[in-house]
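Close look at the chain arrangement
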Amino acid sequence: MGHCIATANGSAALLVALEALDVGVGDEVVVPGLTWVANASAVVRANAVPILVDIDPETLCLSVEATRRALSSRTRAICPVHLYSSMADMDAFRALAAEAGVSLVEDCSQAHGAAWRDARAGTLGTVGVFSMQQTKVLTAGEGGAVITASPELARRLEQLHADGRMFRPPTQVTGELELAEIGEVMGANLALSEVEAALLLEGLTRLEDENRTRERNARRLDAALGELPGVTPVRCLPGQTRRSYYHYVLRVDVRRFGWSDVGRLTAMLSAELGFPAERVYRPLNDHPLYRPATKRTTALSDSYRAAIDPARFHLPECERAHAEVVSFHHRLLLGDERDMDDVIRAFHKVWEHLG
Ligand SMILES: Cc1ncc(COP(=O)(O)O)c(C=O)c1O
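Residues numbered from 1 in each chain as written. Predicted model: local features only at pLDDT ≥ 70, side-chain atom pairs only at ≥ 80, totals over all residues. Heavy atoms only, no water.

Right, let's talk about the site of the ligand for a bit. Taken together, the neighbourhood of the ligand is formed by 16 residues, with Gly10, Ser11, Asp107, Ser131 and Lys136 sitting nearest. Within the contact set of the ligand, an oxygen atom lies 2.7 Å away from a backbone nitrogen or oxygen of Gly10. When isolated, the ligand has an accessible area of 390 Å², and the protein chains bury 93% of it. Looking at the shell around the ligand, the elements with two or more residues in it are helix 1 (10-20) and helix 2 (38-45). The leading source of residues in the shell around the ligand is helix 1, at three residues. Looking at the shell around the ligand residue by residue, the class counts come to four nonpolar, ten polar and two charged. (Near = heavy atom within 4 Å. Polar contact = N/O pair within 3.5 Å; in protein donor to acceptor, adjacent residues only side chain to side chain. Areas by Shrake-Rupley, 256 points an atom, 1.4 Å probe, with all protein chains shown as cover. Helix = DSSP H or I, 4+ residues; strand = E, 2+ residues; numbered from the N terminus. Nonpolar A, V, L, I, M, F, W, Y, C, P; charged D, E, K, R; others polar.)

Below, the structure written as structure tokens:
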């Protein structure tokens, strides 16, 4: 992509990406209803309106058709998030964004190293956004980045994340700051530290090998666990040529066991595995951490408050995923074949006793 602006975290990356694209008052940004809260809260921080849109049940990523229906004359950007282990349909989103004349903010916080038709995740949108927070497959404890091919956007991004300053060529004067005060756009201090950058550069040398280990183990689990009654591993679309795993996710037909959701199942699996089995995110229209009205900074007007009210969105597939999908953090996939056999045995034991 040519340009990478390293930020303090993924939330900051999302914010400066939106600001660089000039998203602001009166604009709408399409965000999936199933994702981390930062995707919606960054839009609110930019004083724009997040339009929460339902997911494709196959991949758990933003639905192309639901996005098409949500577009309006105020839409300024679409933010597909590559969730857990699947990429959003980037052929369709690129075509849709071009047709609608809006920007594409590709969130790859959960997809470091994934690829769509052999192009790396992050290179397919107007900008690609990453988080390197501690649970991610590439991490420095905290960290983020925005990548772009556009020199104009990179210039804005650099200033937006450094209080309006930009790097100048290394100075010959010892101790002199290498930042020039440009001020074409007002920024904030949202920069990554050099210590974190050093950790990330080291982590990058391991990423490819670790991604291959996770991919190999996930395939082994898919084959074995997909045989269990009611279990369907979440798939990726044919356009995704490399899969990376932030979480390993399986859909379970809970109704055949007489349950309304996977809550009891995750407790049983966690106990048997000694490793947490989790439910996927609560949909953003009913998420305890996505409450824009709890901050007076969002009280711009009554109509703005009404527009950002998460409860006004209807997200049936996000709700179904929250009820039916079981999720495991990627470190489950970093073991060897015997570890995967332990996982498979634990599932079999739980399934034998489900009745
Ligand atoms: C999809 C997605 N976007 C953005 C973020 C925000 O990143 P950070 O926690 O580094 O601010 C996260 C973090 O969990 C994420 O998963």
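We now examine the packing of helix 1 against helix 5 (residues 151-160). Interaxial distance between helix 1 and helix 5 falls to 9 Å at its minimum, and their mutual angle equals 130°. By the angle between their directions, the pair helix 1 and helix 5 is classed as oblique. Our pair here, helix 1 against helix 5, has a crossing hand that is right-handed. Between helix 1, through Val16, Ala17, Glu19 and Ala20, and helix 5, the contact on the second element is made entirely by Leu153, Arg156, Leu157 and Leu160. In the contact of helix 1 with helix 5, the residues fall into six nonpolar, no polar and two charged. (Axes fitted to C-alpha atoms, helices over the stretch in contact; angles between N-to-C directions. Parallel < 35°, antiparallel > 145°, perpendicular 65-115°, else oblique. Left-handed = near helix turned anticlockwise from the far one by under 90°. Contact = heavy atoms within 4.5 Å.)

On to the packing of helix 1 against helix 2. Packing of helix 1 against helix 2 brings their axes to within 9 Å, and their N-to-C directions diverge by 45°. As far as their axial angle goes, helix 2 and helix 1 are oblique. The handedness of the crossing between helix 1 and helix 2 comes out as right-handed. Note on element contacts: helix 2 touches helix 1 through Ala38, Asn39, Ala42, Val43 and Arg45, opposite Ser11, Leu14, Leu15 and Leu18.

The strand order across the open sheet formed by seven strands is 1-9-8-5-4-2-3, and the pairing between neighbours is mixed. Among the strands making up the open sheet, the edge pair consists of strand 1 (3-7) and strand 3 (49-53). Neighbour to neighbour, the strand axes of the sheet diverge by 25° on average, direction disregarded. Where strand 1 and strand 9 (residues 144-148) come together, five bridges link them in antiparallel fashion. The residue bridging Ala6 from the neighbouring strand is Ala145, located in strand 9. Where helix 4 (residues 90-100) meets the sheet, it contacts strand 4 (75-78) and strand 5 (103-107), and its direction lies at approximately 155° from that of strand 5. Contacting strand 1, strand 8 (127-131) and strand 9, helix 5 runs over the sheet at an angle of about 20° to strand 1. (Pairing = 2+ DSSP bridges.)

What follows is about unusual backbone geometry. Here the phi dihedral of Asn47 falls at roughly 60°; this positive angle occurs in a residue that is not glycine. Residue placement: Asn47 occurs in the loop between helix 2 and strand 3. For Asn47, a relative accessible area of 29% gives the class partly exposed. Residues other than glycine seldom take positive phi values, yet Asp118 does so here, at roughly 70°. Relative to the helices and strands, Asp118 resides in the loop between strand 6 (115-116) and strand 7 (119-120). (Buried < 20%, exposed > 50% of the residue type's maximum accessible area, 1.4 Å probe, protein only.)

By size, the foremost hydrophobic cluster in this structure holds 89 residues, and its most contacted members are Leu34, Leu60 and Val105. Once you skip the residues sitting within four places of it in the chain, Val105 turns out to touch Leu14, Leu18, Leu21, Ala77, Ile78, Cys79, Pro80, Val127 and Val129. Of all hydrophobic cores here, the second largest spans 30 residues; its members include Leu225, Val231, Val262 and Ala277. (Core = buried A, V, L, I, M, F, W, Y, C linked by side-chain atoms within 4.5 Å.)

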